[in-house]
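# Summary of structural features
Read off the chains here:
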Amino acid sequence: MLTIALSKGRILQQTLPLLEKSGIEINNINSRKLVLNTNLNEIKVIIIRATDVPIFVQHGVADIGVTGKDMLIEHGANGVFELLDLKIAKCKLMIASEPEKKLQKNTLKIATKYIEATKNHFENKSQQVEIIKLNGAIELAPKIGLSDCIVDLVATGNTLKANGLVAVENIMDISSRLIVNTAAFKTKNAEIKKLVETINKII
Ligand code: AMP
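One numbering rule holds for all chains: residues counted from 1, following each sequence as written. Two thresholds apply to this predicted model, a pLDDT of at least 70 for residue-level local features and 80 or more for giving and counting side-chain atom pairs, whereas whole-chain, interface and lining totals are computed over all residues. The side-chain quantities take in all heavy atoms of the structure and omit both hydrogens and water.

## Things to note about the domain arrangement of the protein
Much of the literature gives interface size as the accessible area that the parts lose upon coming together. Partitioning the protein into structural domains gives domain 1 (2-89 + 175-202) and domain 2 (91-173). Boundary definitions for the domains trace back to an automatic or database domain assignment. A straight line from the C-alpha centre of domain 1 to that of domain 2 covers 29 Å. In what follows, residue pairs with any heavy atoms lying within 4.5 Å of each other are defined as contacts. Opposite the six residues of domain 1 that make contact, domain 2 presents nine residues. Roughly 630 Å² of surface becomes buried between domain 1 and domain 2 when both sides are summed, with 58% attributable to carbon and sulfur atoms. Among the residues of domain 1 in contact with domain 2, Asp-70, Ile-73 and Glu-74 are the three that bury the most area, contributing 68% of the side total. Each reported salt bridge corresponds to a side-chain nitrogen of Lys or Arg within 4 Å of a carboxyl oxygen of Asp or Glu. Run the count over domain 1 and domain 2 and you get zero salt bridges. Distance and chemistry together define a polar contact, namely a pair of N or O atoms within 3.5 Å, with one atom able to donate a hydrogen and the other to accept it when in protein, and with adjacent residues in sequence counting only for side-chain atoms on both sides. Linking domain 1 to domain 2 there are three residue pairs in polar contact (both at pLDDT 80 or more). Of the residues contributing to the side of domain 1 that touches domain 2, the split by class is three nonpolar, one polar and two charged. What gets called buried area is simply the loss in accessible area from a 1.4 Å probe that two parts show on being joined, summed for both. The residue classification treats Ala, Val, Leu, Ile, Met, Phe, Trp, Tyr, Cys and Pro as nonpolar and Asp, Glu, Lys and Arg as charged. All others, Gly included, are polar.

Shown next, in the form of C-alpha coordinates:
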(Lines give C-alpha, C1' and ligand atoms only; values in the text may rest on other atoms or scores of the structure.)
Protein backbone atom coordinates (compact mmCIF):
# COMPACT_ATOMS: atom_id res chain seq x y z
CA MET A 1 0.00 0.00 0.00
CA LEU A 2 1.27 3.51 -0.89
CA THR A 3 -0.17 6.68 0.66
CA ILE A 4 0.32 9.91 -1.25
CA ALA A 5 -0.13 13.31 0.47
CA LEU A 6 -1.25 16.00 -1.98
CA SER A 7 -1.32 19.79 -1.46
CA LYS A 8 -4.74 21.45 -1.69
CA GLY A 9 -5.51 24.32 -4.04
CA ARG A 10 -3.52 25.39 -7.09
CA ILE A 11 -0.91 22.63 -6.65
CA LEU A 12 -3.69 19.99 -6.54
CA GLN A 13 -5.27 21.31 -9.74
CA GLN A 14 -1.95 20.84 -11.54
CA THR A 15 -1.11 17.50 -9.86
CA LEU A 16 -4.35 15.77 -10.87
CA PRO A 17 -3.58 15.68 -14.63
CA LEU A 18 -0.12 14.22 -13.86
CA LEU A 19 -1.68 11.49 -11.71
CA GLU A 20 -4.35 10.75 -14.31
CA LYS A 21 -1.74 10.36 -17.03
CA SER A 22 0.07 7.98 -14.66
CA GLY A 23 -3.12 5.89 -14.40
CA ILE A 24 -4.21 7.12 -10.95
CA GLU A 25 -7.73 8.49 -10.56
CA ILE A 26 -8.97 9.68 -7.18
CA ASN A 27 -12.44 8.49 -6.12
CA ASN A 28 -14.93 11.06 -4.71
CA ILE A 29 -12.40 13.89 -4.85
CA ASN A 30 -15.02 16.47 -3.82
CA SER A 31 -16.10 14.59 -0.71
CA ARG A 32 -15.11 15.82 2.75
CA LYS A 33 -13.24 12.62 3.50
CA LEU A 34 -9.58 13.20 4.33
CA VAL A 35 -8.33 9.86 3.07
CA LEU A 36 -9.47 9.01 -0.43
CA ASN A 37 -9.28 5.77 -2.35
CA THR A 38 -8.15 5.63 -5.95
CA ASN A 39 -8.92 3.36 -8.89
CA LEU A 40 -5.83 1.38 -7.78
CA ASN A 41 -6.32 -0.76 -4.64
CA GLU A 42 -2.71 -0.25 -3.57
CA ILE A 43 -2.77 3.59 -3.66
CA LYS A 44 -4.66 5.98 -1.38
CA VAL A 45 -4.46 9.75 -1.24
CA ILE A 46 -4.61 12.38 1.53
CA ILE A 47 -5.38 16.00 0.53
CA ILE A 48 -3.97 18.53 3.02
CA ARG A 49 -2.35 21.97 3.23
CA ALA A 50 0.94 22.31 1.33
CA THR A 51 2.68 23.29 4.56
CA ASP A 52 1.66 19.99 6.23
CA VAL A 53 2.76 17.69 3.39
CA PRO A 54 6.47 17.52 4.43
CA ILE A 55 5.39 16.81 8.04
CA PHE A 56 3.13 13.90 7.02
CA VAL A 57 5.88 12.45 4.82
CA GLN A 58 8.64 12.99 7.41
CA HIS A 59 6.62 11.04 9.99
CA GLY A 60 5.79 8.30 7.53
CA VAL A 61 1.99 8.66 7.67
CA ALA A 62 2.32 9.33 3.94
CA ASP A 63 4.99 7.53 1.89
CA ILE A 64 5.02 10.13 -0.88
CA GLY A 65 4.07 13.80 -1.07
CA VAL A 66 3.66 16.64 -3.50
CA THR A 67 4.41 20.15 -2.25
CA GLY A 68 6.14 23.40 -3.20
CA LYS A 69 9.91 23.86 -2.93
CA ASP A 70 9.12 26.87 -0.69
CA MET A 71 7.43 24.54 1.82
CA LEU A 72 10.37 22.12 1.76
CA ILE A 73 12.83 24.92 2.52
CA GLU A 74 10.71 26.14 5.45
CA HIS A 75 10.29 22.60 6.80
CA GLY A 76 13.97 21.73 6.45
CA ALA A 77 13.19 18.52 4.51
CA ASN A 78 14.34 16.27 7.38
CA GLY A 79 13.43 12.64 6.86
CA VAL A 80 12.41 13.12 3.25
CA PHE A 81 14.12 12.70 -0.11
CA GLU A 82 13.21 15.08 -2.94
CA LEU A 83 12.95 12.78 -5.95
CA LEU A 84 11.38 14.81 -8.74
CA ASP A 85 10.84 18.38 -9.85
CA LEU A 86 7.28 18.12 -11.18
CA LYS A 87 7.63 21.50 -12.94
CA ILE A 88 4.11 22.51 -11.91
CA ALA A 89 2.75 25.45 -9.86
CA LYS A 90 5.75 27.47 -10.97
CA CYS A 91 6.36 30.86 -9.39
CA LYS A 92 9.20 32.94 -7.97
CA LEU A 93 10.13 33.81 -4.41
CA MET A 94 10.75 37.54 -4.68
CA ILE A 95 11.68 40.60 -2.68
CA ALA A 96 9.20 43.41 -3.35
CA SER A 97 8.77 46.94 -2.05
CA GLU A 98 7.06 50.23 -2.81
CA PRO A 99 8.58 51.87 -5.91
CA GLU A 100 11.71 53.96 -5.23
CA LYS A 101 11.92 52.65 -1.65
CA LYS A 102 15.47 52.92 -0.31
CA LEU A 103 16.54 49.43 0.77
CA GLN A 104 20.16 50.27 1.66
CA LYS A 105 19.89 50.14 5.43
CA ASN A 106 21.91 48.59 8.25
CA THR A 107 18.94 46.48 9.30
CA LEU A 108 16.22 45.81 6.75
CA LYS A 109 12.71 45.08 8.07
CA ILE A 110 11.11 42.30 6.06
CA ALA A 111 7.59 40.86 6.33
CA THR A 112 7.20 37.31 5.08
CA LYS A 113 5.80 33.84 5.58
CA TYR A 114 9.10 32.38 4.32
CA ILE A 115 11.45 32.76 7.29
CA GLU A 116 14.12 30.19 6.38
CA ALA A 117 14.48 31.16 2.72
CA THR A 118 14.62 34.85 3.68
CA LYS A 119 17.19 34.25 6.43
CA ASN A 120 19.41 32.20 4.09
CA HIS A 121 19.24 34.73 1.29
CA PHE A 122 20.19 37.75 3.39
CA GLU A 123 22.83 35.85 5.37
CA ASN A 124 24.55 35.07 2.05
CA LYS A 125 24.51 38.77 1.24
CA SER A 126 25.74 39.70 4.74
CA GLN A 127 22.71 41.98 5.11
CA GLN A 128 21.27 42.31 8.61
CA VAL A 129 17.52 41.81 8.71
CA GLU A 130 14.62 41.90 11.10
CA ILE A 131 12.10 39.36 9.89
CA ILE A 132 8.44 39.84 10.77
CA LYS A 133 6.50 36.61 10.33
CA LEU A 134 3.05 37.08 8.81
CA ASN A 135 0.65 34.38 7.67
CA GLY A 136 -1.31 36.37 5.11
CA ALA A 137 -1.87 39.85 3.62
CA ILE A 138 1.90 40.24 3.42
CA GLU A 139 1.60 42.88 0.71
CA LEU A 140 -0.02 45.20 3.25
CA ALA A 141 3.09 45.39 5.48
CA PRO A 142 5.12 48.05 3.56
CA LYS A 143 1.97 50.18 3.07
CA ILE A 144 1.27 50.48 6.79
CA GLY A 145 4.94 50.92 7.77
CA LEU A 146 5.36 47.48 9.29
CA SER A 147 8.30 46.61 7.03
CA ASP A 148 10.65 48.06 4.39
CA CYS A 149 9.90 45.25 1.97
CA ILE A 150 8.35 41.79 1.70
CA VAL A 151 9.43 38.36 0.54
CA ASP A 152 6.58 36.46 -1.12
CA LEU A 153 5.67 34.15 -3.97
CA VAL A 154 4.92 35.88 -7.26
CA ALA A 155 3.27 34.17 -10.23
CA THR A 156 1.64 36.69 -12.60
CA GLY A 157 2.65 39.74 -10.55
CA ASN A 158 -0.99 40.86 -10.31
CA THR A 159 -1.08 40.76 -6.49
CA LEU A 160 2.02 42.97 -6.23
CA LYS A 161 0.61 45.40 -8.78
CA ALA A 162 -2.80 45.58 -7.10
CA ASN A 163 -1.04 46.55 -3.86
CA GLY A 164 1.27 49.16 -5.38
CA LEU A 165 4.44 47.08 -4.96
CA VAL A 166 7.23 46.29 -7.43
CA ALA A 167 9.53 43.28 -7.64
CA VAL A 168 13.06 44.12 -6.51
CA GLU A 169 14.90 40.78 -6.72
CA ASN A 170 14.21 37.14 -7.52
CA ILE A 171 15.42 34.96 -4.64
CA MET A 172 14.63 31.67 -6.36
CA ASP A 173 12.43 29.87 -8.85
CA ILE A 174 9.84 27.66 -7.14
CA SER A 175 7.95 24.61 -8.41
CA SER A 176 6.28 21.58 -6.84
CA ARG A 177 8.40 18.58 -5.90
CA LEU A 178 7.68 14.90 -5.33
CA ILE A 179 9.10 13.83 -1.99
CA VAL A 180 9.35 10.44 -0.31
CA ASN A 181 9.79 9.25 3.28
CA THR A 182 13.40 8.05 3.62
CA ALA A 183 12.43 4.81 5.41
CA ALA A 184 9.61 4.03 2.93
CA PHE A 185 12.07 4.61 0.09
CA LYS A 186 13.96 1.56 1.39
CA THR A 187 11.06 -0.68 2.49
CA LYS A 188 8.78 0.08 -0.49
CA ASN A 189 11.52 0.78 -3.02
CA ALA A 190 10.10 -1.20 -5.95
CA GLU A 191 6.59 0.35 -5.78
CA ILE A 192 7.94 3.86 -5.26
CA LYS A 193 10.50 3.59 -8.06
CA LYS A 194 7.83 2.33 -10.47
CA LEU A 195 5.54 5.26 -9.70
CA VAL A 196 8.38 7.81 -9.86
CA GLU A 197 9.56 6.45 -13.22
CA THR A 198 6.02 6.63 -14.64
CA ILE A 199 5.57 10.24 -13.48
CA ASN A 200 9.06 11.20 -14.65
CA LYS A 201 8.25 10.05 -18.19
CA ILE A 202 5.14 12.27 -18.20
CA ILE A 203 7.06 15.34 -17.01
P1 AMP B 1 0.17 36.46 -8.57
O2 AMP B 1 -0.81 37.56 -8.27
O3 AMP B 1 -0.26 35.62 -9.75
O4 AMP B 1 1.58 36.99 -8.72
O5 AMP B 1 0.15 35.44 -7.34
C6 AMP B 1 0.67 35.85 -6.13
C7 AMP B 1 -0.14 35.30 -4.98
O8 AMP B 1 -0.46 33.93 -5.17
C9 AMP B 1 0.69 35.37 -3.72
O10 AMP B 1 -0.14 35.70 -2.62
C11 AMP B 1 1.26 33.99 -3.57
O12 AMP B 1 1.41 33.64 -2.21
C13 AMP B 1 0.28 33.09 -4.29
N14 AMP B 1 0.95 32.08 -5.17
C15 AMP B 1 1.33 32.26 -6.45
N16 AMP B 1 1.88 31.15 -6.96
C17 AMP B 1 1.84 30.24 -5.98
C18 AMP B 1 2.26 28.88 -5.88
N19 AMP B 1 2.82 28.22 -6.89
N20 AMP B 1 2.07 28.25 -4.71
C21 AMP B 1 1.50 28.89 -3.66
N22 AMP B 1 1.08 30.18 -3.68
C23 AMP B 1 1.26 30.84 -4.83
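## Considering the site of the ligand
Taken together, the neighbourhood of the ligand is formed by Arg-10, Ala-89, Cys-91, Asp-152, Leu-153, Val-154, Ala-155, Thr-156, Gly-157, Asn-158 and Thr-159. Separating a nitrogen atom of the ligand from a backbone N or O atom of Ala-89 is a distance of 2.9 Å. Here an oxygen atom of the ligand sits 2.7 Å away from a polar atom, N or O, in the main chain of Gly-157. A total of 490 Å² of accessible area belongs to the ligand in isolation, and the protein chains cover 79% of it. Because more than half of its atoms lie within 2 Å of the grid, the ligand is assigned to the largest pocket. Strands here are runs of E lasting at least two residues and helices are runs of H or I lasting at least four, both read from the DSSP assignment and numbered beginning at the N terminus. The set of elements that each furnish at least two residues to the shell around the ligand consists of strand E9 (149-154) and helix H6 (158-162). Element by element, the count of residues in the shell around the ligand is highest for E9, at three residues. A class-by-class count of the residues in the shell around the ligand yields five nonpolar, four polar and two charged. Nearness here has a simple test: a residue counts as near a molecule or strand if at least one of its heavy atoms is within 4 Å of that partner. Values of accessible area rely on a 1.4 Å probe in the Shrake-Rupley scheme; residue burial ignores everything except the protein chains shown. Points on a 1 Å grid over protein atoms alone make up a cavity when a 1.4 Å probe fits among them but cannot get out, and a pocket when they form an open set with protein on both sides within 12 Å along at least five of seven lines; lining residues each have an atom within 4 Å of a point. A molecule is counted as occupying a cavity or pocket when more than half of its atoms fall within 2 Å of that pocket's grid points.

## What to know about the sheet that holds E9
On the basis of which strands lie adjacent, the open sheet formed by five strands has the order E8-E7-E9-E6-E10 and mixed pairing. Strand pairing shows two members of the sheet lacking a second neighbour, strand E8 (128-133) and strand E10 (166-174), which therefore form its edges. The mean inter-strand angle of the sheet, taken between neighbouring strand axes irrespective of direction, is 30°. At least two bridges found by DSSP between two strands is the condition for calling them paired. Here seven bridges tie strand E6 (residues 91-97) to E10, and the two strands are oriented antiparallel to one another. Bridging across to E10, Ser-97 finds its partner in Val-166. To define axes, lines are fitted to C-alpha atoms, for helices over the stretch in contact only, and angles between the resulting N-to-C directions are given on a 0 to 180 degree scale.

## Description of the nonpolar core
Each nonpolar core is a collection of buried residues, namely Ala, Val, Leu, Ile, Met, Phe, Trp, Tyr and Cys, held together in the definition by side-chain atoms within 4.5 Å. When accessible area is computed with a 1.4 Å probe and restricted to protein chains, residues below 20% of their type maximum are described as buried, those above 50% as exposed, and intermediate ones as partly exposed. One finds Leu-6, Ile-64 and Leu-86 to be the most contacted residues of the largest nonpolar core, which totals 43 residues. Looking at this core, the element that brings in the most residues is helix H1 (residues 10-21), giving five residues. When residues of this core are assigned to domains, at least three map to each of domain 1 (2-89 + 175-202) and domain 2 (91-173). Setting aside anything within four residues of it in sequence, one finds Ile-64 in contact with Leu-2, Thr-3, Ile-4, Ala-5, Val-57, Leu-178, Ile-179, Val-180, Ile-192 and Leu-195. Core analysis: the next-biggest nonpolar cluster, separate from the first, contains 10 residues, Met-94, Ala-96, Ala-111 and Ile-150 among them.

## Here's the deal with the layout of surface pockets
Think of a ball as big as a water molecule: rolled over the atoms, this probe shows where empty space is left. Grid points are joined across faces, edges and corners, and a volume is the space filled by probe spheres set on the points. Size it by volume and the largest pocket reaches roughly 660 Å³. Lining of the largest pocket is provided by 30 residues; of these, Arg-10, Cys-91, Tyr-114, Asp-152 and Leu-153 occupy positions nearest its centre. Listed by contribution, the elements that provide at least two residues to the lining of the largest pocket are H1, helix H3 (69-75), E9 and H6. Along the lines of polarity and charge, the residues of the lining of the largest pocket split into 13 nonpolar, 10 polar and seven charged.

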